[in-house]
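One letter stands for each residue in the lines below.
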Amino acid sequence: MKALINIDYTYDFVATAGVLTTGLAGQKIEAALCQVTQEFITAGDFVVLAVDGHDPHDQYHPENKLFPPHNVIGTSGRELYGQLKNIYQEHQTQCYWLDKRHYSAFCGTDLDLRLRERKITELHLVGVCTDICVLHTAVDAYNLGYELVIHESAVASFDATGHMWALNHFKNTLGATII
Ligand code: ZN
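Just so you know, these numbers come straight off a predicted model, no measurement behind them. Residue positions are given per chain, counted from 1 along the sequence in the order it is written. Given that this is a predicted model, residues contribute local features only at a pLDDT of at least 70 and side-chain atom pairs are listed and counted only at 80 or more, while totals for whole chains, interfaces and linings are drawn from all residues. With hydrogens and water stripped out, all remaining heavy atoms of the structure feed into the side-chain values.

Re helix α3 (residues 30–43)
At step 1: A helix here means a DSSP run of H or I that spans at least four residues, while a strand means a run of E at least two residues long, and both kinds are numbered starting from the N terminus. Expected helix span is taken as 1.5 Å per residue step, with the number of steps being one fewer than the number of residues. The end-to-end C-alpha distance of α3, which contains 14 residues, comes to 20 Å, matching closely the 20 Å that a straight helix rising 1.5 Å per residue would cover.
At step 2: Note on exposure labels: buried denotes an accessible area under 20% of the residue type's maximum, exposed denotes more than 50%, and partly exposed covers the range between, all computed with a 1.4 Å probe on protein chains only. Restricting attention to buried positions, one finds in α3 the residues E30, L33, C34, V36, T37, F40 and I41. Around the axis of α3, the buried residues are gathered within 160° of arc, so they sit on the same side. With respect to the buried face of α3, the exposed residues turned more than 90 degrees away are A31, T42 and A43.
At step 3: Just beyond α3, the residue with positive phi is G44, at close to 80°. Arc definition: directions from the helix axis to the C-beta atoms.

As for the environment of I87
At step 1: On the secondary structure map, I87 appears in helix α5 (residues 83–90).
At step 2: A relative accessible area of 9% places I87 in the buried class.
At step 3: Note: C-alpha distance between I87 and Q38 (49 residues apart in sequence) is 7.4 Å.
At step 4: We call two residues in contact when some of their heavy atoms are within 4.5 Å. Those residues in contact with I87, other than ones at most four positions away along the chain, are C34, T37, Q38 and I41.

Considerations on the coordination of the zinc ion
At step 1: With water omitted from the atoms examined, metal sites may look incomplete; donors here are N, O and S atoms no farther than 2.8 Å from the metal, or 3.2 Å in the case of Na, K and Ca. Looking at the zinc ion, one finds its protein donor set to be D52 (OD), H54 (NE2), E63 (OE) and H70 (NE2), positioned 2.0 to 2.2 Å from the metal centre.
At step 2: Working rule for geometry: tetrahedral if four donors all subtend angles between 85 and 135 degrees; square planar for four, octahedral for six, if opposite donors exceed 155 degrees and the others stay between 65 and 115; irregular in every other situation. Relative to the metal, the 4 donor atoms surrounding the zinc ion lie at angles of 90 to 166°, and the coordination shape comes out irregular.
At step 3: Spacing between the donor residues of the zinc ion along their common chain follows D-x1-H-x8-E-x6-H. Side by side, D52 and H54 carry an identical accessibility label, which is buried.

Brief notes about the nonpolar core
At step 1: Put simply, buried Ala, Val, Leu, Ile, Met, Phe, Trp, Tyr and Cys residues joined by side-chain atoms within 4.5 Å make one nonpolar core. Core analysis: the biggest nonpolar cluster contains 57 residues, and I5, L115, L123, L125 and F170 have the highest contact counts within it.
At step 2: The greatest single-element share of this core, amounting to 6 residues, is contributed by strand β2 (residues 46–52).
At step 3: Setting aside chain neighbours within four positions, we find L123 in contact with A3, I5, F106, L115, A141, Y146, E147, L148 and V149.

Things to note about the environment of N143
At step 1: Inspection of the secondary structure assignment puts N143 in helix α7 (residues 133–143).
At step 2: On the basis of relative accessibility, which here comes to 57%, the residue N143 falls in the exposed class.

Some points on the packing of α7 against helix α8 (residues 160–172)
At step 1: Here an axis means a line fitted to C-alpha atoms, over the contact stretch when the element is a helix, while the angle between two N-to-C directions is reported on a 0 to 180 degree scale. Direction vectors running N to C along α7 and α8 enclose 10°, while the axes themselves pass 11 Å from each other. One finds that α7 runs roughly parallel with respect to α8. The way α7 lies across α8 gives a crossing that is left-handed. Contact with α7, carried on its side by V134, L135, A138 and V139, involves W165, H169 and F170 of α8 and no other residues of that element.
At step 2: Three categories are distinguished: nonpolar for Ala, Val, Leu, Ile, Met, Phe, Trp, Tyr, Cys and Pro, charged for Asp, Glu, Lys and Arg, and polar for the others, with Gly belonging to the last. Considered class by class, the residues forming the contact of α7 with α8 number 6 nonpolar, 1 polar and no charged. For classification purposes, angles smaller than 35 degrees are called roughly parallel, those larger than 145 roughly antiparallel, those between 65 and 115 roughly perpendicular, and all remaining angles oblique. Two helices cross in a left-handed way if the nearer one is turned anticlockwise from the farther one by less than a right angle. They cross in a right-handed way if the turn is clockwise.

Honestly, that's just the spatial picture; any functional story needs more than this.
Spelled out as structure tokens, the structure:
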């Protein structure tokens with residue numbers, strides 16, 4: 001069984017005016033990311049929307065020292081970007097909204113349990129940023145024994161060098177299939 005993990009494709013990470021935006025690189029993957037998401041929904045496969053949720057007043061969270069406040073809980077910056085928002089609204093019952101506090105979708109969440117109870121062994125990853133949240137999710141998935149498929153046309157980063165490095169890392173170090 002397979003699942004799609006759709007990572008951080010929100011206003012703050014993608015829109016031109018987003019706080020921590022990947023800009024054009026992130027906007028360019030919208031069609032491919034939405035197509036893959038729609039295919040998984042149509043096939044009846046498990047679709048997870050793993051979305052950063054932050055409290056800028058949390059003095060204990062390391063990201064508050066590293067980045068400007070982004071994907072703040074209760075703000076429009078956390079809304080899904082572009083057509084993905086419509087797809088989610090139309091198919092909410094088939095999608096699992098996963099709030100996450102750290103880069104990895106597995107960190108401090110019930111994602112592993114949700115996947116295992118569905119006998120899912122193969123994870124397809126899309127979203128942003130290739131070399132931050134997608135990377136950390138992929139590393140955790142690898143360590144938990146999942147097979148990985150990365151959709152190259154549906155991942156992006158604000159850092160082109162980091163993006164390329166991460167794609168090589170997925171393939172050569174995590175044994176991922178890049179399609
Ligand atoms: Zn964050």
